[in-house]
Amino acid sequence: MNVFVLNCGSSSLKFQIISTDEDQIAKDTDQQLAKGLIERIGSEAIITLQVGDQPPFKGAAPLRDHKSALAYVIKWMSQPETRIPGITSLNDIHAVGHRVVHGAERFKGSILIDDAVIGGLQDCIDLAPLHNPANLKGIFAARELFGPQMPQVAVFDTAFHSTMPEKAYLYAIPYQLYRRFKVRKYGFHGTSHRYIAFRYRKLTGKSRQDTNIITVHLGNGCSACAIKGGKSFDTSMGMTPLEGLMMGTRSGDIDPTVIDYLVHKEGSSFDEIFSTLNKRSGLLGISGLTNDMRELEGEAEEHQDRRAILAIDMFCHRVKKYIGAYLAEMNGADAICFAGGIGENSPTIRRKVLSDMDWLGILLDESRNQQAVRGKEMLISADDSRVPVYVIPTNEELILARDTVRAVKSLPFPC
Ligand code: ADP
């Protein structure tokens, strides 16, 4: 099957076309045929489209909404000069898999989309006002442009974490607030943590029940997950992706009193403060320079920029703290796995996060750590480290494509 994997953000559309089916899943021979990203939808959009490993096409076009952006991709995909292997028209796409950010307590796994599911997703908008409306726009656009017969599947960021125990997901606020409004931790990046755990099992030959690891996804968004017996046991993001680790532009954990205090001190509205916490905090807020870790590392190294150094220190401190907490929660772990743009590419951040953790049995091998920069799965800990440390490049799109096949063909969903 050729699966069109779609990830719609508020002003962006990311896609991949992946060839996969039961046989390819079993043999790990799924193939990414094309991918692309359209940013700044709503104005002059920036477009990057790529077939396989060929040089990408880069362009710009006025695209007013997600439907126009998707129509642009479909037109590109269908024109003869694009030449995506096996794809000459819409008929060569067999299903669409959507990344949906919030499934609340209602969606605990990937599901074929029908009107009832759309109603359920609309019910979740209250909990994810920044994300789910964009995902729904993608679903409606795909329905219109691919036609109502095209099977569409929703794959949720929250689903993997639906196994967390109450003691991990509840906030210590009046229980009625959970009962009445479902205020609780849901966790995100579930497809990434699930993929990393899956690859860890492939690398080590462990069974799912024997998978007791800490996965750390460090990208623009960052989260850590304690995986016990192959299931999510705790994770750092909360009711929304704002909680937990320090991120590119998000603050992560913060005393809620700060919000009320700033309302009074700055005369800001709640909306303005939440916008600050989501979009102007984290690495960007502390450095005052950028949310981009690679640039911060450059500033710290070349100019010894004090606030770039501080932002990096704070970032690593918070990751270390969560790893420590999860080691305590799980009575140790069999491995720590790094993923995400930062986790996969920055030996400096991995070294800082894992420094001075020898008491916990964690010893990095610096030469292995330096080598793990090219999207390869690698062991980076020393041979005598009690807890092995891996870099495992994540692949959320692959999970999305595979789950789409499984939902369309009514196959089981292995964790
Ligand atoms: P997203 O969460 O949007 O998918 P990514 O997983 O691609 O983002 O991660 C983006 C982050 O990864 C950025 O902060 C970027 O600077 C960082 N990054 C990418 N390559 C490197 C590198 N070589 N060294 C340090 N940071 C890097």
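Refer to the structure printed above.
Note that this is a predicted model, so its numbers are computed, not measured.

### Digging into the overall build of the chain
Then, in step 1: The secondary structure content of the chain amounts to 16 helices and 14 strands.
Then, in step 2: Against the globule reference of 22 Å for 415 residues, the chain gives a C-alpha radius of gyration of 21 Å, in line with a compact fold.
Then, in step 3: For the chain, the spread of C-alpha atoms along the three principal axes comes to 60 × 55 × 50 Å.
Then, in step 4: By the burial criterion, 50% of the 415 residues in the chain qualify as buried.
Then, in step 5: Counted over contacts in the chain with a minimum sequence separation of 6, partners at least 24 positions apart contribute 61%.
Then, in step 6: Accessible surface computed for the chain: about 19200 Å², of which carbon and sulfur atoms make up 51%.

### What about helix α16 (residues 396–408)?
Then, in step 1: With 13 residues, α16 should cover 18 Å at 1.5 Å per step; its first-to-last C-alpha distance of 18 Å lies within 8% of that length.
Then, in step 2: Most of α16 sits inside the fold, with 12 of its 13 residues counted as buried.
Then, in step 3: Of all the positions in α16, only Glu-396, Glu-397, Leu-398, Ile-399, Leu-400, Ala-401, Arg-402, Asp-403, Thr-404, Val-405, Arg-406 and Ala-407 are classed as buried.

### With respect to the pairing of strand β11 (residues 231–235)
Then, in step 1: Counted residue by residue, β11 has four buried out of five residues, so it is predominantly covered.
Then, in step 2: Relative to β11, strand β10 (residues 222–228) is paired through four bridges, and the arrangement is antiparallel. In the sheet register, Cys-225 faces β11, and the bridge partner there is Thr-235.
Then, in step 3: Linking two consecutive strands that pair antiparallel, namely β10 and β11, is a turn of two residues; a positive phi of about 55° is found at Gly-229 within it.

### Regarding the site of the ligand
Then, in step 1: The immediate surroundings of the ligand are formed by 13 residues, with Asn-220, Asp-292, Met-293, Arg-294 and Gly-341 found nearest.
Then, in step 2: Between the ligand and Asp-292 there is a distance of 2.6 Å, counted from an oxygen atom to a side-chain nitrogen or oxygen.
Then, in step 3: A distance of 3.0 Å is found between an oxygen atom of the ligand and a backbone nitrogen or oxygen belonging to Arg-294.
Then, in step 4: At the level of secondary structure, the elements contributing two or more residues to the shell around the ligand comprise α11 (293–303) and α13 (340–345).
Then, in step 5: Of the residues forming the shell around the ligand, the biggest block, four residues, is contributed by α13.
Then, in step 6: Residue classes in the shell around the ligand are distributed as two nonpolar, eight polar and three charged.

### Considerations on the packing of α11 against helix α12 (residues 306–329)
Then, in step 1: Two elements in contact, α11 and α12, have axes whose closest approach is 8 Å; the angle formed by their N-to-C orientations is 125°. When the axes of α11 and α12 are compared, the pair comes out oblique. Where α11 crosses over α12, the handedness of that crossing is left-handed. Residues Met-293, Leu-296, Glu-297, Glu-299 and Ala-300 of α11 pack against Ala-308, Ile-309, Ala-311, Ile-312 and Phe-315 of α12.

### Here we look at the sheet that holds strand β9 (residues 213–218)
Then, in step 1: One open sheet accounts for six strands, arranged β11-β10-β9-β12-β14-β13; its pairing is mixed. Of all the strands in the sheet, just β11 and β13 (378–379) have a single pairing partner and so form its edges.
Then, in step 2: Sheet topology places strand β12 (residues 335–339) next to strand β14 (residues 389–391); three bridges connect them, and they run parallel. Paired with Cys-337 across the strands is Tyr-390, a residue of β14.
Then, in step 3: Each of β9, β12 and β14 is contacted by helix α14 (residues 347–354), which is oriented at about 150° to β12, the strand it contacts most.

### Thoughts on α12
Then, in step 1: Taking 1.5 Å of rise per residue, 24 residues should cover 34 Å, and α12 covers 35 Å from first to last C-alpha, within 8% of that figure.
Then, in step 2: Every buried residue of α12 is accounted for by Ala-308, Ala-311, Ile-312, Phe-315, Cys-316, Arg-318, Val-319, Tyr-322, Ile-323, Tyr-326 and Leu-327.
Then, in step 3: Residue Asp-305 occupies the N-cap position of α12, its side-chain oxygen lying 3.1 Å from the main-chain nitrogen of Arg-307.
Then, in step 4: After α12 finishes, the residue Asn-331 shows a positive phi value of roughly 55°.

### A look at the sheet that holds strand β7 (residues 111–112)
Then, in step 1: Taken together, the eight strands give an open sheet; going across it, the order is β5-β4-β3-β2-β1-β6-β8-β7, and neighbouring strands pair in mixed fashion. A strand with exactly one partner marks an edge of an open sheet, and here the two such strands are β5 (57–62) and β7.
Then, in step 2: Bridge count between β7 and strand β8 (residues 152–156): two bridges; the pairing is antiparallel. Pairing of Leu-112 across the sheet is with Val-153, part of β8.
Then, in step 3: Running over the sheet, helix α4 (residues 132–146) touches β1 (2–8), β6 (95–100) and β8 and is turned about 170° from β6.

### With respect to the packing of helix α7 (residues 190–204) against α16
Then, in step 1: The N-to-C vectors of α7 and α16 enclose an angle of 90°; their axes lie 9 Å apart at closest approach. With respect to α16, the element α7 is oriented roughly perpendicular. Residues Thr-191, Ser-192, Arg-194, Tyr-195 and Phe-198 of α7 form the contact with α16, whose own contacting residues are Glu-396, Leu-398, Ile-399, Arg-402, Asp-403 and Arg-406.
Then, in step 2: When the residues that make up the contact of α7 with α16 are grouped by side-chain class, the tally is four nonpolar, two polar and five charged.

### Thoughts on the side chain of Ser-381
Then, in step 1: Its place among the elements puts Ser-381 in the loop between β13 and β14.
Then, in step 2: Not counting chain neighbours up to four residues away, the residues in contact with Ser-381 comprise Leu-363, Leu-364, Asp-365, Arg-368, Val-387, Pro-388 and Val-389.

### So, the packing of aromatic side chains
Then, in step 1: Using the criterion set out here, one finds nine aromatic pairs in the structure.
Then, in step 2: Seen from their ring centres, Tyr-169 and Tyr-178 are 6.0 Å apart, and the 55° between their planes marks the pair as tilted. The burial state of Tyr-169 is the same as that of Tyr-178; both residues are buried.
Then, in step 3: Ring plane angle 65° and centroid distance 5.6 Å describe the contact between Tyr-175 and Tyr-178, whose orientation is recorded as edge-to-face. Taken together, the residues Tyr-175 and Tyr-178, both in helix α6 (residues 175–181) and three residues apart, mark about one turn of the helix.
Then, in step 4: Judged by its relative accessible area of 36%, Tyr-175 falls in the partly exposed class.
Then, in step 5: Joined through ring pairs, the aromatic side chains of Phe-4, Phe-15, Trp-76 and Phe-146 make up one cluster.

About the thresholds
- Each chain has its residues counted from 1, following the order in which its sequence is written.
- Predicted model: local features are reported for residues with pLDDT of at least 70 only, side-chain atom pairs are reported and counted for 80 or more only, and whole-chain, interface and lining totals are derived from all residues.
- In computing side-chain values, all of the structure's heavy atoms are included and hydrogens and water are not.
- Numbered from the N terminus, helices here are DSSP runs of H or I no shorter than four residues, and strands are runs of E no shorter than two.
- For the radius of gyration, the atoms used are the C-alpha atoms, and the globule rule reads 2.2 Å times the number of residues raised to 0.38.
- The cut-offs for exposure are 20% and 50% of the maximum accessible area for each residue type, with area from a 1.4 Å probe on protein chains only; residues under the lower value are buried, those over the upper are exposed, and the others partly exposed.
- Contacts are residue-level and defined by heavy atoms, with any inter-residue pair within 4.5 Å sufficient.
- To measure how exposed things are, a 1.4 Å probe is used in the Shrake-Rupley method; for residues, cover is taken only from the protein chains shown.
- Multiplying 1.5 Å by the helix residue count minus one yields the expected span of that helix.
- Pairing between strands requires that DSSP locate at least two bridges from one strand to the other.
- The nearness test applies per residue and asks whether one of its heavy atoms lies within 4 Å of the molecule or strand.
- Pairs of N or O atoms within 3.5 Å make up the polar contacts considered here, provided that, within protein, one atom can donate a hydrogen while the other can accept it, and that residues adjacent in sequence are counted only when both atoms are side-chain atoms.
- Classes in brief: Ala, Val, Leu, Ile, Met, Phe, Trp, Tyr, Cys and Pro nonpolar; Asp, Glu, Lys and Arg charged; the others, Gly included, polar.
- Between N-to-C directions, angles span 0 to 180 degrees; the directions come from axes that are lines fitted to C-alpha atoms, helices contributing only their stretch in contact.
- Here the word oblique covers every angle except those under 35 degrees (roughly parallel), over 145 (roughly antiparallel) and from 65 to 115 (roughly perpendicular).
- Take the far helix as your reference; a near helix turned counterclockwise from it by less than a right angle gives a left-handed crossing, and one turned clockwise gives a right-handed crossing.
- The pairing test for Phe, Tyr and Trp rings, Trp by its six-membered ring, is centres within 6.5 Å, and the orientation test on the planes gives stacked under 30 degrees, edge-to-face over 60, and tilted for anything in between.

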